[in-house]
Amino acid sequence: MGSHPHDLPMPDTTAGREGLEALLRAPRRSVVALDFDGTLADIVPDPDQARAHPGAVAALAALAPEVGSIAVVTGRPAGVAVRYGGFAGVPGLEHLVVLGHYGAERWDAVSGNVHAPAEHPGVAAVRAELPGFLDAIGAWRGTWIEEKGQALAVHTRRAADPEAAFEALREPLAGLAARHGLMVEPGRAVLELRPPGMDKGVALTEYLAEVGAEAVLYAGDDLGDLAAYSAVEKLRAGGMPGLLLCSGSEVPDLAARADLILPGPSQVVSFLSTLARTVTAPPA
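Residues numbered from 1 in each chain as written. Predicted model: local features only at pLDDT ≥ 70, side-chain atom pairs only at ≥ 80, totals over all residues. Heavy atoms only, no water.

K.L.:
Is there a simple way to think about the sheet that holds strand E5 (residues 114–115) in this case?
P.N.:
The strands that make up a sheet pair up through hydrogen bonds in the backbone, lying either parallel or antiparallel. Judged by pairing direction, the sheet is mixed, and its 8 strands sit side by side in the order E5-E4-E3-E2-E1-E10-E11-E12 without closing on themselves. Each end of this open sheet is capped by a strand with a single partner; those strands are E5 and strand E12 (260–262). When strand E1 (residues 30–34) meets strand E10 (residues 215–220), the two strands line up parallel, connected through 5 bridges. In the sheet register, serine 30 faces E10, and the bridge partner there is alanine 215. (Pairing = 2+ DSSP bridges. Helix = DSSP H or I, 4+ residues; strand = E, 2+ residues; numbered from the N terminus.)

K.L.:
Before we go on, may I ask you to explain the packing of helix H4 (residues 121–136) against helix H5 (residues 162–179) in this structure?
P.N.:
Two packed helices can be described by the angle between their axes and the distance between those axes. Across the interface, H4 lies against H5 with an axial gap of 11 Å and an inter-helix angle of 150°. Here H5 runs roughly antiparallel to H4, going by the angle between their axes. Considering the relative orientation of H4 and H5, their crossing is right-handed. Along its contact with H4, which presents Val126, Glu129, Leu130, Phe133 and Leu134, the element H5 presents Leu169, Pro172, Leu173, Leu176 and Arg179. When its residues are assigned to classes, the contact of H4 with H5 shows 8 nonpolar, no polar and 2 charged. (Axes fitted to C-alpha atoms, helices over the stretch in contact; angles between N-to-C directions. Parallel < 35°, antiparallel > 145°, perpendicular 65-115°, else oblique. Left-handed = near helix turned anticlockwise from the far one by under 90°. Contact = heavy atoms within 4.5 Å. Nonpolar A, V, L, I, M, F, W, Y, C, P; charged D, E, K, R; others polar.)

Below, the structure is given as structure tokens:
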């Protein structure tokens, strides 16, 4: 992997290099979109303890005024991502947008408000049924439920064998979700039950069209980001340059499609900081 003259790591693919060059050539017409957990925040055993990596907010605040837009695209509720990210009221992030629940919710720094749809009735039904359901199938020990408002997540990270617990739960939870008109979104040691019809690819595509983007950078780390990757690949096939970053390599399906793999959130933050310095540097 080579380096850009401004110390930006060079993408491994031709499409990624073209995406980076397009962003550097016209940053004000480009969108930088990023996942939260695993990309801007380290993965931690308790998701309620996740916080933006030190330096992330400063890097975003330095970059945001120089690009067309920055969007955080996350499976978390938008308001939770804002709190855990520390994004509200930060100079430089006056126009940040957080697309939560895979785009079903939206927070913008201009209004400071979250716009969300009414709760899907299936979520309420699963909320009531899920504790007893897990107990009945002998899966309660080592798992826990995360309340996400518009969705519910079952984590297996604390189980004696997290991967085995994850695999054992996939089929039963898929059946439970289907009975209530929901879908299951797998992640790293987590299965999320949520309404269908929205994913990160749909959210990203709609947002890029809304702001009239001409280039895009997307960074993610987990299976939920595959839809965003597919969206960028489709846009690239249609002529819009794009760069796909992968934070970490724990999800082979994602890493295999990335233009550039960074070891984790610390390196993602470093990349964003360097990108901010690069787009503000005077021409050579």
